[in-house]
Amino acid sequence: MSTTTLPTSTPGTSAGALLHLVRTRQAETRGDLSRVTGLSRSSVASRLASLVDAGLLLEGEELASTGGRPAGGLQLNPDANVVLGVAVGRSRSQVGVFDLAGREVSGDTRDHEPGISPEKLMPDVVERLGTLLAGVTAPVAGIGMSLPGTVDPVRLTSVDAPVVRGWDGVPLEPWLRKVTDAPLHLDNDTSVLTRSELFGRVPAAQTMLVLKASTGLAMGLVADGRLVGAGRGHTGELGHTRVEAAGDLPCRCGATGCLETLAGGWALVARLQEQGVEARHIRDLVQLALDGEPQARRLLREAGRHIGEVLSVAANLLHPEAVIVGGDMGGAFDLFVAGLRESLYANGHPGATRALRFLPSTHGEAAGLHGCAALAIDAALAPEAVDARLRGRA
Ligand SMILES: [Zn+2]
(Lines give C-alpha, C1' and ligand atoms only; values in the text may rest on other atoms or scores of the structure.)
Protein backbone atom coordinates (compact mmCIF):
# COMPACT_ATOMS: atom_id res chain seq x y z
CA MET A 1 0.00 0.00 0.00
CA SER A 2 1.12 3.52 -0.64
CA THR A 3 1.50 6.08 2.06
CA THR A 4 0.64 9.70 1.62
CA THR A 5 3.85 11.62 1.23
CA LEU A 6 4.12 15.28 1.95
CA PRO A 7 6.41 18.02 0.76
CA THR A 8 8.85 17.36 3.60
CA SER A 9 9.84 13.91 2.34
CA THR A 10 12.99 13.22 0.30
CA PRO A 11 12.21 10.84 -2.55
CA GLY A 12 14.86 9.35 -4.83
CA THR A 13 16.03 10.53 -8.23
CA SER A 14 14.11 8.32 -10.67
CA ALA A 15 11.68 9.79 -13.21
CA GLY A 16 8.83 8.82 -10.88
CA ALA A 17 10.52 10.63 -8.03
CA LEU A 18 10.88 13.78 -10.16
CA LEU A 19 7.18 13.67 -11.04
CA HIS A 20 6.44 13.37 -7.34
CA LEU A 21 8.50 16.51 -6.64
CA VAL A 22 6.59 18.39 -9.33
CA ARG A 23 3.16 17.22 -8.21
CA THR A 24 3.84 18.10 -4.57
CA ARG A 25 5.13 21.53 -5.66
CA GLN A 26 8.59 20.95 -4.27
CA ALA A 27 9.92 21.72 -7.74
CA GLU A 28 8.38 23.80 -10.53
CA THR A 29 11.27 24.06 -13.01
CA ARG A 30 14.18 21.97 -14.30
CA GLY A 31 16.51 24.12 -12.20
CA ASP A 32 14.47 23.32 -9.06
CA LEU A 33 14.73 19.60 -9.82
CA SER A 34 18.52 19.77 -10.22
CA ARG A 35 18.83 21.68 -6.97
CA VAL A 36 16.54 19.39 -4.98
CA THR A 37 17.90 16.06 -6.27
CA GLY A 38 21.52 16.92 -7.08
CA LEU A 39 21.03 15.43 -10.58
CA SER A 40 22.82 17.00 -13.54
CA ARG A 41 20.74 19.01 -16.00
CA SER A 42 21.11 16.30 -18.63
CA SER A 43 19.95 13.58 -16.23
CA VAL A 44 16.93 15.69 -15.32
CA ALA A 45 16.26 16.31 -19.02
CA SER A 46 16.22 12.62 -19.98
CA ARG A 47 13.93 11.70 -17.11
CA LEU A 48 11.54 14.53 -17.94
CA ALA A 49 11.51 13.49 -21.60
CA SER A 50 10.25 10.03 -20.63
CA LEU A 51 7.54 11.57 -18.45
CA VAL A 52 6.45 13.94 -21.24
CA ASP A 53 6.44 11.03 -23.74
CA ALA A 54 4.21 9.05 -21.39
CA GLY A 55 1.82 12.00 -21.24
CA LEU A 56 2.27 12.46 -17.50
CA LEU A 57 4.06 15.81 -17.55
CA LEU A 58 3.36 19.17 -19.16
CA GLU A 59 6.19 21.55 -19.75
CA GLY A 60 7.02 24.98 -21.11
CA GLU A 61 5.05 26.44 -23.99
CA GLU A 62 2.33 23.87 -23.66
CA LEU A 63 1.75 25.22 -20.16
CA ALA A 64 2.26 28.89 -20.98
CA SER A 65 -0.58 28.61 -23.48
CA THR A 66 -2.93 27.46 -20.73
CA GLY A 67 -2.02 30.58 -18.72
CA GLY A 68 -0.84 30.97 -15.19
CA ARG A 69 2.48 29.20 -15.23
CA PRO A 70 5.72 30.71 -16.53
CA ALA A 71 7.32 29.28 -19.67
CA GLY A 72 9.62 26.45 -18.65
CA GLY A 73 7.35 25.55 -15.75
CA LEU A 74 6.53 21.92 -15.05
CA GLN A 75 3.20 20.42 -14.12
CA LEU A 76 1.61 17.02 -13.76
CA ASN A 77 -0.78 16.46 -16.65
CA PRO A 78 -4.04 16.13 -14.72
CA ASP A 79 -5.79 14.67 -17.77
CA ALA A 80 -3.37 11.79 -18.34
CA ASN A 81 -5.74 9.48 -16.45
CA VAL A 82 -8.85 9.48 -14.35
CA VAL A 83 -9.46 7.58 -11.12
CA LEU A 84 -12.73 6.37 -9.63
CA GLY A 85 -13.89 6.93 -6.07
CA VAL A 86 -16.47 4.78 -4.27
CA ALA A 87 -17.41 5.78 -0.70
CA VAL A 88 -19.93 3.43 0.88
CA GLY A 89 -21.53 4.50 4.15
CA ARG A 90 -24.24 3.04 6.32
CA SER A 91 -27.08 4.73 4.48
CA ARG A 92 -25.48 6.52 1.54
CA SER A 93 -23.07 5.80 -1.26
CA GLN A 94 -21.06 8.28 -3.29
CA VAL A 95 -19.27 7.51 -6.53
CA GLY A 96 -17.19 9.84 -8.68
CA VAL A 97 -14.69 10.26 -11.50
CA PHE A 98 -11.66 12.43 -10.73
CA ASP A 99 -8.70 13.78 -12.68
CA LEU A 100 -5.15 13.25 -11.42
CA ALA A 101 -5.18 16.62 -9.66
CA GLY A 102 -8.03 15.28 -7.52
CA ARG A 103 -10.72 17.42 -9.16
CA GLU A 104 -14.12 15.82 -9.45
CA VAL A 105 -15.10 15.38 -13.10
CA SER A 106 -18.50 13.93 -12.27
CA GLY A 107 -20.15 12.32 -9.28
CA ASP A 108 -23.32 10.77 -7.95
CA THR A 109 -24.63 10.48 -4.38
CA ARG A 110 -27.54 8.23 -3.42
CA ASP A 111 -29.20 7.14 -0.20
CA HIS A 112 -29.80 3.46 0.44
CA GLU A 113 -31.50 1.43 3.15
CA PRO A 114 -29.27 1.27 6.25
CA GLY A 115 -27.04 -1.80 6.26
CA ILE A 116 -27.72 -2.69 2.60
CA SER A 117 -25.98 -5.88 1.40
CA PRO A 118 -23.13 -5.79 -1.13
CA GLU A 119 -25.16 -8.05 -3.43
CA LYS A 120 -27.76 -5.31 -3.60
CA LEU A 121 -25.55 -2.21 -3.67
CA MET A 122 -22.53 -3.21 -5.76
CA PRO A 123 -24.39 -3.84 -9.06
CA ASP A 124 -25.88 -0.36 -8.63
CA VAL A 125 -22.43 1.13 -7.96
CA VAL A 126 -21.09 -0.58 -11.08
CA GLU A 127 -23.93 0.79 -13.18
CA ARG A 128 -23.47 4.32 -11.85
CA LEU A 129 -19.71 4.23 -12.50
CA GLY A 130 -20.41 3.01 -16.03
CA THR A 131 -22.74 5.95 -16.61
CA LEU A 132 -20.20 8.46 -15.23
CA LEU A 133 -17.47 6.99 -17.44
CA ALA A 134 -19.48 7.28 -20.64
CA GLY A 135 -17.64 9.80 -22.79
CA VAL A 136 -14.51 9.82 -20.61
CA THR A 137 -11.57 9.06 -22.89
CA ALA A 138 -8.67 9.11 -20.41
CA PRO A 139 -7.76 5.63 -19.14
CA VAL A 140 -8.70 4.70 -15.57
CA ALA A 141 -5.59 4.48 -13.35
CA GLY A 142 -7.25 3.03 -10.26
CA ILE A 143 -10.27 2.80 -7.99
CA GLY A 144 -10.22 4.03 -4.39
CA MET A 145 -12.98 2.66 -2.20
CA SER A 146 -13.91 3.10 1.45
CA LEU A 147 -16.12 1.21 3.87
CA PRO A 148 -16.96 1.89 7.51
CA GLY A 149 -15.21 -0.28 10.07
CA THR A 150 -12.07 -2.35 9.57
CA VAL A 151 -11.03 -3.47 6.10
CA ASP A 152 -8.30 -5.77 4.81
CA PRO A 153 -6.41 -3.61 2.29
CA VAL A 154 -4.61 -6.65 0.84
CA ARG A 155 -7.53 -9.07 0.43
CA LEU A 156 -9.73 -6.09 -0.47
CA THR A 157 -12.64 -6.99 1.78
CA SER A 158 -14.35 -5.67 4.86
CA VAL A 159 -13.16 -7.47 8.00
CA ASP A 160 -15.26 -6.04 10.77
CA ALA A 161 -17.89 -3.51 9.84
CA PRO A 162 -20.57 -3.49 12.54
CA VAL A 163 -22.71 -0.99 10.62
CA VAL A 164 -22.62 -2.86 7.30
CA ARG A 165 -22.34 -6.38 8.70
CA GLY A 166 -23.14 -8.31 5.52
CA TRP A 167 -19.98 -7.02 3.81
CA ASP A 168 -17.45 -8.85 5.97
CA GLY A 169 -15.29 -11.21 3.90
CA VAL A 170 -17.14 -10.50 0.64
CA PRO A 171 -14.66 -9.93 -2.23
CA LEU A 172 -15.39 -6.59 -3.92
CA GLU A 173 -13.03 -6.76 -6.85
CA PRO A 174 -15.13 -9.07 -9.07
CA TRP A 175 -17.90 -6.45 -9.27
CA LEU A 176 -15.54 -3.60 -10.08
CA ARG A 177 -13.80 -5.64 -12.78
CA LYS A 178 -16.93 -5.03 -14.81
CA VAL A 179 -15.97 -1.34 -14.92
CA THR A 180 -12.18 -1.43 -15.25
CA ASP A 181 -9.12 -3.64 -14.86
CA ALA A 182 -7.32 -0.86 -12.99
CA PRO A 183 -6.21 -1.73 -9.44
CA LEU A 184 -8.65 -1.44 -6.55
CA HIS A 185 -7.48 0.15 -3.27
CA LEU A 186 -9.63 -0.26 -0.19
CA ASP A 187 -9.44 1.64 3.06
CA ASN A 188 -11.48 2.58 6.09
CA ASP A 189 -13.84 5.59 5.83
CA THR A 190 -12.08 7.70 8.46
CA SER A 191 -8.70 6.95 6.95
CA VAL A 192 -9.79 8.29 3.54
CA LEU A 193 -11.36 11.33 5.21
CA THR A 194 -7.99 12.02 6.84
CA ARG A 195 -6.18 11.45 3.55
CA SER A 196 -8.43 14.01 1.86
CA GLU A 197 -6.98 16.65 4.21
CA LEU A 198 -3.45 15.90 3.02
CA PHE A 199 -3.98 15.47 -0.68
CA GLY A 200 -2.84 18.04 -3.19
CA ARG A 201 -2.22 20.94 -0.88
CA VAL A 202 -0.14 22.14 1.98
CA PRO A 203 -2.05 20.62 4.91
CA ALA A 204 -3.76 22.89 7.43
CA ALA A 205 -1.38 21.59 10.07
CA GLN A 206 1.51 19.16 10.41
CA THR A 207 -0.17 17.49 13.37
CA MET A 208 -3.95 17.31 13.43
CA LEU A 209 -6.81 15.26 14.78
CA VAL A 210 -9.35 14.49 12.06
CA LEU A 211 -12.68 13.73 13.61
CA LYS A 212 -15.45 11.82 11.90
CA ALA A 213 -18.60 12.58 13.84
CA SER A 214 -21.57 10.89 12.18
CA THR A 215 -23.67 7.87 13.11
CA GLY A 216 -20.47 6.55 14.73
CA LEU A 217 -17.44 8.40 16.06
CA ALA A 218 -13.89 7.86 14.83
CA MET A 219 -10.66 9.78 14.58
CA GLY A 220 -7.82 9.83 12.07
CA LEU A 221 -4.45 11.25 12.95
CA VAL A 222 -1.85 13.22 11.03
CA ALA A 223 1.40 13.42 12.99
CA ASP A 224 4.38 15.43 11.73
CA GLY A 225 2.79 15.61 8.29
CA ARG A 226 2.08 11.89 7.91
CA LEU A 227 -1.13 9.93 7.89
CA VAL A 228 -0.77 7.58 10.83
CA GLY A 229 -1.74 3.99 10.06
CA ALA A 230 -2.00 4.44 6.27
CA GLY A 231 -2.66 1.07 4.66
CA ARG A 232 -3.65 -0.69 7.88
CA GLY A 233 -7.36 -0.63 7.12
CA HIS A 234 -8.60 0.82 10.38
CA THR A 235 -8.48 4.06 12.35
CA GLY A 236 -9.05 5.33 15.86
CA GLU A 237 -12.15 3.79 17.44
CA LEU A 238 -12.86 6.95 19.36
CA GLY A 239 -16.52 6.08 19.84
CA HIS A 240 -15.88 2.96 21.87
CA THR A 241 -13.76 4.63 24.51
CA ARG A 242 -15.41 4.09 27.91
CA VAL A 243 -16.45 7.29 29.63
CA GLU A 244 -17.71 7.58 33.16
CA ALA A 245 -20.70 9.74 32.27
CA ALA A 246 -22.07 6.94 30.06
CA GLY A 247 -22.51 4.64 33.06
CA ASP A 248 -23.85 1.31 31.87
CA LEU A 249 -25.69 2.57 28.79
CA PRO A 250 -25.62 -0.23 26.19
CA CYS A 251 -23.60 0.43 23.03
CA ARG A 252 -24.20 -1.04 19.58
CA CYS A 253 -20.77 -2.73 19.86
CA GLY A 254 -22.07 -4.96 22.65
CA ALA A 255 -20.20 -3.22 25.46
CA THR A 256 -21.58 -0.64 27.86
CA GLY A 257 -20.49 2.87 28.74
CA CYS A 258 -18.97 3.82 25.36
CA LEU A 259 -18.63 7.49 24.32
CA GLU A 260 -20.99 6.71 21.40
CA THR A 261 -23.86 6.05 23.79
CA LEU A 262 -23.70 9.75 24.73
CA ALA A 263 -22.41 11.39 21.56
CA GLY A 264 -22.75 9.04 18.58
CA GLY A 265 -25.24 10.08 15.91
CA TRP A 266 -27.36 6.95 16.49
CA ALA A 267 -27.66 7.77 20.20
CA LEU A 268 -28.50 11.45 19.56
CA VAL A 269 -31.24 10.45 17.12
CA ALA A 270 -32.70 7.99 19.66
CA ARG A 271 -32.69 10.69 22.33
CA LEU A 272 -34.40 13.19 20.03
CA GLN A 273 -37.06 10.60 19.19
CA GLU A 274 -37.64 10.07 22.92
CA GLN A 275 -38.44 13.80 23.11
CA GLY A 276 -41.10 13.24 20.48
CA VAL A 277 -39.16 14.97 17.70
CA GLU A 278 -39.12 13.11 14.40
CA ALA A 279 -35.67 12.27 13.03
CA ARG A 280 -34.36 9.11 11.39
CA HIS A 281 -30.72 9.93 10.74
CA ILE A 282 -28.10 12.22 12.27
CA ARG A 283 -28.39 14.29 9.08
CA ASP A 284 -32.05 14.98 10.01
CA LEU A 285 -30.97 16.04 13.49
CA VAL A 286 -28.29 18.35 12.08
CA GLN A 287 -30.85 19.95 9.76
CA LEU A 288 -33.27 20.44 12.67
CA ALA A 289 -30.49 22.08 14.68
CA LEU A 290 -29.70 24.42 11.80
CA ASP A 291 -33.41 25.28 11.62
CA GLY A 292 -33.29 26.24 15.31
CA GLU A 293 -34.94 23.21 16.95
CA PRO A 294 -33.81 23.61 20.59
CA GLN A 295 -33.48 19.91 21.54
CA ALA A 296 -31.41 19.13 18.46
CA ARG A 297 -29.19 22.13 19.17
CA ARG A 298 -28.68 21.08 22.77
CA LEU A 299 -27.89 17.47 21.82
CA LEU A 300 -25.26 18.49 19.27
CA ARG A 301 -23.55 20.88 21.62
CA GLU A 302 -23.51 18.27 24.39
CA ALA A 303 -22.13 15.70 21.97
CA GLY A 304 -19.30 18.11 21.19
CA ARG A 305 -18.64 18.48 24.90
CA HIS A 306 -18.48 14.72 25.54
CA ILE A 307 -16.23 14.13 22.53
CA GLY A 308 -13.95 17.02 23.54
CA GLU A 309 -13.40 15.41 26.89
CA VAL A 310 -11.94 12.30 25.27
CA LEU A 311 -10.06 14.31 22.63
CA SER A 312 -8.37 16.31 25.37
CA VAL A 313 -6.22 13.26 26.17
CA ALA A 314 -5.07 13.10 22.54
CA ALA A 315 -4.47 16.86 22.57
CA ASN A 316 -2.35 16.65 25.69
CA LEU A 317 -0.24 13.85 24.22
CA LEU A 318 0.18 15.17 20.68
CA HIS A 319 -0.14 18.97 20.84
CA PRO A 320 -2.04 19.10 17.54
CA GLU A 321 -2.30 22.43 15.74
CA ALA A 322 -5.77 21.69 14.42
CA VAL A 323 -8.87 19.62 14.96
CA ILE A 324 -10.66 18.96 11.67
CA VAL A 325 -14.36 18.25 12.02
CA GLY A 326 -15.69 15.84 9.39
CA GLY A 327 -18.80 13.72 9.23
CA ASP A 328 -22.45 14.71 9.39
CA MET A 329 -22.16 16.67 12.66
CA GLY A 330 -19.73 18.97 10.85
CA GLY A 331 -22.84 20.26 9.02
CA ALA A 332 -23.66 22.21 12.19
CA PHE A 333 -20.04 23.21 12.68
CA ASP A 334 -20.48 26.23 14.98
CA LEU A 335 -22.82 24.47 17.39
CA PHE A 336 -20.85 21.27 17.58
CA VAL A 337 -17.50 23.03 17.87
CA ALA A 338 -18.82 25.28 20.65
CA GLY A 339 -19.21 22.14 22.80
CA LEU A 340 -15.96 20.63 21.59
CA ARG A 341 -13.98 23.77 22.31
CA GLU A 342 -15.52 24.20 25.73
CA SER A 343 -14.44 20.80 27.07
CA LEU A 344 -11.12 20.67 25.22
CA TYR A 345 -10.12 23.94 26.85
CA ALA A 346 -11.48 22.84 30.22
CA ASN A 347 -9.76 19.42 30.19
CA GLY A 348 -6.69 19.95 28.04
CA HIS A 349 -3.41 21.37 29.29
CA PRO A 350 -3.17 25.06 28.37
CA GLY A 351 0.12 24.43 26.59
CA ALA A 352 -1.50 21.76 24.45
CA THR A 353 -4.57 23.77 23.46
CA ARG A 354 -3.25 27.33 23.25
CA ALA A 355 -2.70 27.33 19.49
CA LEU A 356 -5.42 24.83 18.62
CA ARG A 357 -7.62 25.68 15.64
CA PHE A 358 -10.97 24.10 14.75
CA LEU A 359 -11.64 23.69 11.05
CA PRO A 360 -14.37 22.08 8.95
CA SER A 361 -13.23 19.28 6.65
CA THR A 362 -11.99 20.77 3.36
CA HIS A 363 -14.35 18.80 1.13
CA GLY A 364 -17.39 18.84 3.42
CA GLU A 365 -19.93 16.13 2.63
CA ALA A 366 -17.78 14.79 -0.20
CA ALA A 367 -14.63 14.46 1.95
CA GLY A 368 -14.75 10.66 2.01
CA LEU A 369 -15.20 10.48 -1.75
CA HIS A 370 -12.31 12.89 -2.34
CA GLY A 371 -10.24 10.74 0.02
CA CYS A 372 -11.06 7.64 -2.05
CA ALA A 373 -9.85 9.44 -5.17
CA ALA A 374 -6.72 10.54 -3.30
CA LEU A 375 -6.08 6.93 -2.29
CA ALA A 376 -6.15 5.83 -5.94
CA ILE A 377 -4.09 8.81 -7.18
CA ASP A 378 -1.44 8.46 -4.47
CA ALA A 379 -1.05 4.80 -5.46
CA ALA A 380 -1.01 5.45 -9.23
CA LEU A 381 1.51 8.30 -8.95
CA ALA A 382 3.77 6.81 -6.29
CA PRO A 383 7.33 7.09 -7.68
CA GLU A 384 7.75 3.30 -7.95
CA ALA A 385 4.38 2.96 -9.74
CA VAL A 386 5.32 5.67 -12.25
CA ASP A 387 8.74 4.08 -12.81
CA ALA A 388 7.10 0.70 -13.44
CA ARG A 389 4.74 2.35 -15.92
CA LEU A 390 7.64 3.97 -17.78
CA ARG A 391 9.51 0.65 -17.91
CA GLY A 392 6.39 -0.90 -19.38
CA ARG A 393 6.50 1.62 -22.23
CA ALA A 394 10.20 1.21 -22.98
ZN1 LIG B 1 -19.20 0.72 21.91
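Residues numbered from 1 in each chain as written. Predicted model: local features only at pLDDT ≥ 70, side-chain atom pairs only at ≥ 80, totals over all residues.

What should I look at first to understand the overall build of the chain in this one?
A tally of helices and strands in the chain yields 15 helices and 14 strands. In terms of overall size, the chain behaves like a compact globule, its C-alpha atoms giving a radius of gyration of 22 Å where 394 residues would be expected to give roughly 21 Å. Overall, the chain is about 70 × 50 × 35 Å in size when its C-alpha atoms are taken along their principal axes. Out of the 394 residues belonging to the chain, those deemed buried represent 47%. Put simply, of all contacts in the chain between residues at least 6 apart along the chain, 64% involve residues at least 24 apart. (Helix = DSSP H or I, 4+ residues; strand = E, 2+ residues; numbered from the N terminus. Rg over C-alpha atoms; globule rule 2.2 N^0.38 Å. Buried ≥ 20, exposed ≤ 12 C-beta atoms within 10 Å, placed from the backbone. Contact = placed C-beta atoms within 7 Å.)

Help me out: how do you make sense of the sheet that holds strand E12 (residues 226–227) in this one?
As a general point, the strands of a sheet are linked pairwise by backbone hydrogen bonds and lie either parallel or antiparallel. What the five strands build is an open sheet, ordered E12-E11-E10-E13-E14; its pairing is mixed. Across the chains shown, the open sheet's two edge strands, defined by having one partner strand only, are E12 and strand E14 (357–360). Relative to E14, strand E13 (residues 322–326) is paired through four bridges, and the arrangement is parallel. Across the sheet, residue Ile324 finds its bridge partner in E14, namely Leu359. (Pairing = 2+ DSSP bridges.)

Help me out: how do you make sense of unusual backbone geometry in this one?
Negative phi is the rule for most residues except glycine; trans is the rule for most peptide bonds. Positive phi values are uncommon outside glycine, yet Arg25 reaches one of about 60°. Note that Arg25 resides in the loop between helix H1 (15–23) and helix H2 (30–37). In this structure, His319 takes a positive phi of about 45° despite not being glycine. If you trace the backbone, His319 turns up in the loop between helix H11 (294–318) and E13.

I tried to follow the packing of H1 against helix H3 (residues 41–53) on my own but got confused; where do I start?
How two helices sit against one another is set out by the angle between their axes and by the gap between those axes. The geometry of H1 relative to H3 is characterised by a closest axis approach of 9 Å and an angle of 80° between their N-to-C directions. Of the possible angle classes, the one that applies to H1 and H3 is roughly perpendicular. Across from Ala15, Leu18 and Leu19 in H1, the residues of H3 making contact are Val44, Arg47, Leu48, Ser50 and Leu51. A class-by-class count of the residues in the contact of H1 with H3 yields six nonpolar, one polar and one charged. (Axes fitted to C-alpha atoms, helices over the stretch in contact; angles between N-to-C directions. Parallel < 35°, antiparallel > 145°, perpendicular 65-115°, else oblique. Nonpolar A, V, L, I, M, F, W, Y, C, P; charged D, E, K, R; others polar.)

How do you make sense of the nonpolar core when you look at a structure like this?
Here is a general trend for soluble globular proteins: nonpolar side chains tend to be buried in one another's company. Counting residues in hydrophobic clusters, the biggest one holds 111 residues, and the most contacted among them are Leu19, Val83, Leu285, Phe336 and Ala376. Top element by residues in this core is helix H14 (residues 367–380). It accounts for ten residues. Filtering out sequence-adjacent residues up to four positions away, Val83 remains in contact with Phe98, Val140, Ala141, Gly142, Ile143, Gly144, Ala373, Ala376, Ile377 and Ala380. (Core = buried A, V, L, I, M, F, W, Y, C linked by C-beta atoms within 7 Å.)

Teacher, can you tell me more about the domain arrangement of the chain here?
As assigned here, the chain comprises domain 1 (15–76), domain 2 (82–195 + 368–393) and domain 3 (202–361). The gap between the C-alpha centroids of domain 1 and domain 3 is 42 Å. (Domains from an automatic or database assignment.)

Sorry if this is basic, but what is going on with the sheet that holds strand E6 (residues 140–147) here?
A sheet is described by the order of its strands in space; here five strands give the open sequence E5-E4-E3-E6-E9, paired in mixed fashion. Across the chains shown, the open sheet's two edge strands, defined by having one partner strand only, are strand E5 (104–111) and strand E9 (184–188). If you compare each strand with its neighbour and ignore which way they point, the axes differ by 15° on average. Pairing analysis gives seven bridges linking strand E4 (residues 92–99) to E5, with the strands arranged antiparallel.

How should the environment of Gln94 be read in this particular structure?
Assignment of secondary structure puts Gln94 in strand E4. In this structure, the C-alpha to C-alpha distance between Gln94 and Thr109, residues 15 residues apart in sequence, is 4.3 Å. Residues contacting Gln94, with those up to four places away along its chain left out, are Ala87, Gly107, Thr109, Ala366, Gly368 and Leu369.

What is the right way to look at the pairing of E6 in this model?
Two faces belong to every sheet, and in a regular strand the side chains alternate between them. Of all eight residues in E6, eight are buried; the element is thus mostly enclosed. Inspection of the sheet shows strand E3 (residues 82–88) paired to E6 by six bridges, in the parallel sense. Along E6, the bridge assignment pairs Leu84 with Ile143. For E6 and E9, the ladder comprises five bridges, and the chain directions are parallel. Bridge pairing in E9 places Met145 opposite Leu186.

Quick question: what am I supposed to make of H14 here?
Since the α-helix turns once every 3.6 residues, residues separated by three or four places project in the same direction. When the terminal C-alpha atoms of H14 are compared, their 20 Å separation across 14 residues agrees well with the 20 Å that a helix rising 1.5 Å per residue should span. Among the 14 residues of H14, 14 are classified as buried, and the element is accordingly described as predominantly covered. (Expected span 1.5 Å × (residues − 1).)

Before we go on, may I ask you to explain the environment of Gly220 in this structure?
Structurally, Gly220 can be placed in strand E11 (residues 217–223). Put simply, Gly220 and Pro139 are 81 residues apart on the chain and 31 Å apart in space, counted from C-alpha to C-alpha.

Is there a simple way to think about the environment of Tyr345 in this case?
In this structure, Tyr345 sits in helix H12 (residues 333–347). As for Tyr345 and Asp108, which are separated by 237 residues in sequence, their C-alpha atoms are 39 Å apart.

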